[in-house]
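Residue-level listing of the chains:
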Amino acid sequence: MPSVTAKRQCPDLIFVKPRFEVYKEISRHIRSIFAELTPLIEPLSLDEAYLDVTENLQDIPFARDIALQIRAKIKSETDLNASAGISYNKFLAKLASDHRKPNGQYVITPEMGQAFVETLPVGKFHGIGPATAARLNSFGIHTGLDLRNQTLAFLETNFGKSGTYYYWISRGIDERPVHADRIRKSVGAENAFFKDLMEFDAMVAELQPLVDEV
């Protein structure tokens, strides 16, 4: 819910200013814990990342045990809980990570992949937002199994390049590697105001700090 809407619905709502520098510092700390196990780290946000631990720096044989070690160290050094998803590709690892939040972990093995996907609503798929989920639903596609029953030609015709991605993930297949040096595609800055700004001069005054940050 946008903060402006929340304020309208609850006029006595108290907003606490976020401490982004603290968040960033803790994020860097957690990233350093990841780096003790693998150099192949692809950040998704301040508090989430893909790790490729196929060949890890501590020669731990099971990804499950690596996740347990990372979560324990995060807890001991930051007092924060962490969840982990473990699987044989990025798509399923992301689904697994959502399965035991906020403080657990879940493993999707190759034997479980297709069955796990086929029962899942398409709106739960990472990369499928509300608008795309609604469009899929309009075609009678509600679950991973429904998606898997579509031809590649149908999905490409109606969803373009994304259709190819949907075709394969509905089968539990995702060949995307973990990119440790992913190129930044955009940069931005924003601020939310308690009241709408209607005057040009007021907008310019608030715009300049955002320009400076970018």
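Before reading on, note that the structure itself is shown above.
In what follows, the accompanying structure is described. Residue numbers here run from 1 along each chain, matching the order of that chain's written sequence. Given that the model is predicted, a residue must reach a pLDDT of at least 70 before its local features are reported, and side-chain atom pairs must reach 80 or more before they are shown or counted; all residues, however, enter totals for whole chains, interfaces and linings. To get the side-chain values, all heavy atoms of the structure are used, and hydrogens and water are removed first.

### Considerations on helix 4 (residues 90–99)
In step 1: Burial of helix 4 is extensive: eight of the 10 residues sit out of reach of the surface.
In step 2: For every residue, the accessible area (1.4 Å probe, protein chains only) is compared with the maximum for its type, and the residue is labelled buried under 20%, exposed over 50%, or partly exposed between those bounds. Helix numbers and strand numbers start at the N terminus; a helix is a DSSP run of H or I with at least 4 residues, a strand a run of E with at least 2. What helix 4 keeps buried is the set K90, F91, L92, A93, K94, L95, A96 and S97.
In step 3: The criterion used for residue contact is that any of the two residues' heavy atoms lie within 4.5 Å. The inward-facing, buried residues of helix 4 abut strand 1 (41–45), strand 2 (48–51), strand 3 (84–87), strand 4 (105–108), helix 5 (113–118) and helix 9 (161–169).

### Overview of the packing of helix 8 (residues 152–159) against helix 9
In step 1: It is the contact of helix 8 with helix 9, at a shortest axis distance of 6 Å, that shows an interaxial angle of 140 degrees. The crossing of helix 8 and helix 9 is right-handed. For the pair helix 8 and helix 9, contact is made by L152, L155, E156 and F159 and by K161, S162, G163, T164, Y166 and Y167, respectively.
In step 2: Three residue categories are used. Nonpolar comprises Ala, Val, Leu, Ile, Met, Phe, Trp, Tyr, Cys and Pro, charged comprises Asp, Glu, Lys and Arg, and polar comprises the others, including Gly. Here the residues of the contact of helix 8 with helix 9 are counted per class, giving five nonpolar, three polar and two charged. Orientation is described by axes fitted as lines to C-alpha atoms, over the contacting stretch for helices, and by angles from 0 to 180 degrees between their N-to-C directions. Crossing handedness: left-handed means the near helix sits turned counterclockwise from the far one by under a right angle, and right-handed means the same turn made clockwise.

### Notes on the side chain of R148
In step 1: With respect to the element layout, R148 can be found in helix 7 (residues 144–148).
In step 2: With residues up to four places along the chain from it excluded, the contact list for R148 reads Q114, E118, S170 and R171.

### Considering the nonpolar core
A general trend in soluble globular proteins is that nonpolar side chains are found buried together.
In step 1: For the purposes of this section, nonpolar cores are sets of buried Ala, Val, Leu, Ile, Met, Phe, Trp, Tyr and Cys residues that join through side-chain atoms within 4.5 Å. In this structure, F91, F125, L136 and L147 are the most contacted members of the largest nonpolar core, which totals 21 residues.
In step 2: Elements that contribute at least two residues to this core include exactly helix 4, strand 4, helix 5, helix 6 (130–138), helix 8 and helix 9.
In step 3: A total of four residues in this core trace back to one element, the largest contributor, which is helix 4.
In step 4: Each residue touching L147, except ones within four places of it in the same chain, is listed here: F125, L136, I141, L155, Y166 and S170.
In step 5: Grouped together as the second largest cluster of nonpolar side chains are 11 residues, I30, I33, V53 and I70 included.

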